[in-house]
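Geometric and topological summary
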Amino acid sequence: MQNISDIAVLIWRVISYAAVLFFTITLIGFTVTTLYYRHLFLKKYMEKINDKRA
Amino acid sequence: MTSVLSVIYAFTIFSLWISTLMTLIQQYGAFKGHFKNLREDIDIDALYHENLPPVTIMVPAHNEEKVIIGTCLKIMKLNYPKDKIELIVVNDASTDTSKDLLAKFQLRYPDFDMTVINTTKEDGGKGKSQALEQAIAISKYDILGVYDADAAPEQNALLLLVHKLLEDASHGAAFGRNKCRNRDHNLLTKFITLETITTQKIEHIADWQLHQLGKIPGTNYIIKKSALEEAGGFTHEALTEDTDLSFKLYRLGYKIAYEVRSEAYQQEPETLKVFHKQRKRWAKGNIDVLIRNLKYFFKGPSQLRQSLFSLFVTYFWFIIVIFLSDVFFILQLRIIIHNAIFTNQLPNLFNFDEHQINLLVISWAILFFTFILYINFALVTEIGQSTVNNYLVSVLSYFTYAQLFFIVSLIGIFSYIFDRIFKRESKWYKTERFD
């Protein structure tokens, strides 16, 4: 019985570490993507403004 | 007791992960949609051509003297062939000066194809659906557009919607986004602005990009008259007639297309009282639609099932989890305060080991960061919105506005249950306008 409980705890820990790792990596990736989008968006906006001025 | 608490603990953690995962999937869909829009520029001149179909625009109005003329002017100035727009304003049992103002407007612009239906308390004033039906009855054209009386559409709003509707034969309706025109009025309107930007720039885009799924909002949308008739028109008793209509269209296999570049302005509630009434109606209306469509959960079209799942998650699953976590938080807080003041020490609610506490804190931190990133990605897609001030408001909104939304939704759920038990009739509440 004790062994089953230990295995359940071990499985739960593996799942939880994997989930936390997955979310952390995804969030870092999404943060970088957001900043990249911001860069492209502003660049395009500035190009439009310059076109209008020209 | 320990095993029950362990199950609740696992359920809470699991729910946090699921909600984080769903948020990240939505954000992925939004990335796809926004990067695509960034690559493909829309040529407005190419969209404007002689073969555009005529459209009947309907504006239901009840005591709207503060905004109605401004909206009519905006509709008249839409970038759309003037001979292909018919405007019908239903001045629904108004007791203010709307009738006179509209009559003057018609006199001033006699060439503009505009009809005003004035109703009294006897033959009108029964709500938005009935007002729209009166307009539909006399409408000339096969495409119907709806704008709320406070919704001032941008010049190209209608043109973009028509283009989207005609893009595919399966599109039964098309809708655009609504921007908050009183965003800087106070902190509440700032919170609502962040919420609407996030909903429209992330959720709606992702739903359309990933699942070809859209939901008709109350305003800035067009619909094929044939699709509306096939769906049996509006449901009179529905508190959220737009959501109800969307579900009826899904059942018929129609898609509701989203065009994020079609924009209109609308006023948001400026006081907590008005906000509470509006959101309570939304919550009750959405729960009602969910319950009436439950039978399609496993056998309906995919759009219908996805929308039902989304409503279920919002109004039942996550609400229960937030409710449970708030209850535990308050109970534990009471124990901590008690133990700090009195000598007789109370036992802690949970006896977590270090791993469990770490996991809870880290899971919460991940969810919190996801929430902030979610809002701030929506903000970077708008000119002038990605500011330090808005970033701070987004952080603050997690602890204040998001909790307020939860409380109002909970009140809506209980109110709906009481309505059903005591057979009370739900009242349609029109959102108040501000100067």
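How each quantity is defined
Residues numbered from 1 in each chain as written. Chains lettered and ligands numbered in written order. Predicted model: local features only at pLDDT ≥ 70, side-chain atom pairs only at ≥ 80, totals over all residues. Heavy atoms only, no water. Helix = DSSP H or I, 4+ residues; strand = E, 2+ residues; numbered from the N terminus. Rg over C-alpha atoms; globule rule 2.2 N^0.38 Å. Buried < 20%, exposed > 50% of the residue type's maximum accessible area, 1.4 Å probe, protein only. Areas by Shrake-Rupley, 256 points an atom, 1.4 Å probe, with all protein chains shown as cover. Contact = heavy atoms within 4.5 Å. Buried area = accessible area lost by both parts, 1.4 Å probe. Salt bridge = Lys/Arg side-chain N within 4 Å of Asp/Glu carboxyl O. Right-handed = clockwise from strand over helix to strand, strands pointing away. Expected span 1.5 Å × (residues − 1). Bend = angle between axes of the 7 residues up to and from the residue. Polar contact = N/O pair within 3.5 Å; in protein donor to acceptor, adjacent residues only side chain to side chain.

In terms of regular secondary structure, chain A is built from one helix and zero strands. What you see for chain A is a C-alpha radius of gyration of 23 Å, clearly larger than the 10 Å of a compact globule of 54 residues, by over 25%. Taking the principal axes of its C-alpha atoms as reference, chain A extends roughly 80 × 10 × 5 Å. In chain A, buried positions account for 20% of the 54 residues. Entry remark: accessible area of chain A is about 4300 Å², with carbon and sulfur atoms responsible for 71%.

Here we come to the interface of chain A and chain B. Listed by partner, the interface residues are 24 residues for chain A and 29 residues for chain B. Carbon and sulfur atoms make up 79% of the surface buried where chain A meets chain B, a total of about 2500 Å² over both sides. Our count for the contact surface shared by chain A and chain B stands at two salt bridges. For the salt bridge of Asp 41 of chain B with Lys 48 of chain A, the shortest nitrogen-to-oxygen distance reads 3.8 Å.

All names here are of chain B. Most of strand 1 (residues 55-61) is tucked away: seven of the seven residues are buried. Neither face of strand 1 is open: one carries Val 55, Ile 57, Val 59 and Ala 61, the other Thr 56, Met 58 and Pro 60, and all of them are buried. Tracing the backbone out of strand 1, into helix 3 (residues 68-76) and back to the parallel element strand 2 (residues 85-92) gives a crossover that is right-handed.

All names here are of chain B. Helix length check: helix 7 (residues 187-211) (25 residues) gives 34 Å between terminal C-alpha atoms against 36 Å at 1.5 Å per residue, within 8%. The largest bend in helix 7 amounts to roughly 30° and is located at Thr 199. The backbone nitrogen of Leu 188 has a side-chain oxygen 3.1 Å away, supplied by the residue at the start of helix 7, namely Asn 186. With its phi angle positive at about 50°, Gln 212 sits one or two positions after the end of helix 7.

As a working rule, side chains carrying opposite charge can pair if their charged atoms are close by. Residues and elements named next belong to chain B. Counting across every chain of the model gives 17 salt bridges over all chains. Residue Glu 382 pairs with Lys 201 through a salt bridge whose shortest N-O separation is 3.2 Å. Here Lys 201 lies in helix 7 and Glu 382 lies in the loop between helix 12 (354-380) and helix 13 (388-399), a separation of 181 residues in the sequence. A salt bridge links Arg 292 to Asp 244; the shortest N-O distance between them is 3.1 Å. Here Arg 292, found in helix 10 (residues 272-292), pairs with Asp 244, found in helix 9 (residues 241-251); they are 48 residues apart in sequence, far enough to count as distant. The partly exposed category is assigned to Arg 292, whose relative accessible area is 33%. Overlapping salt bridges bring together Glu 154, Arg 177, Lys 179, Lys 201, Glu 263 and Glu 382 as one network.

That's the geometry; what it means functionally is another story.
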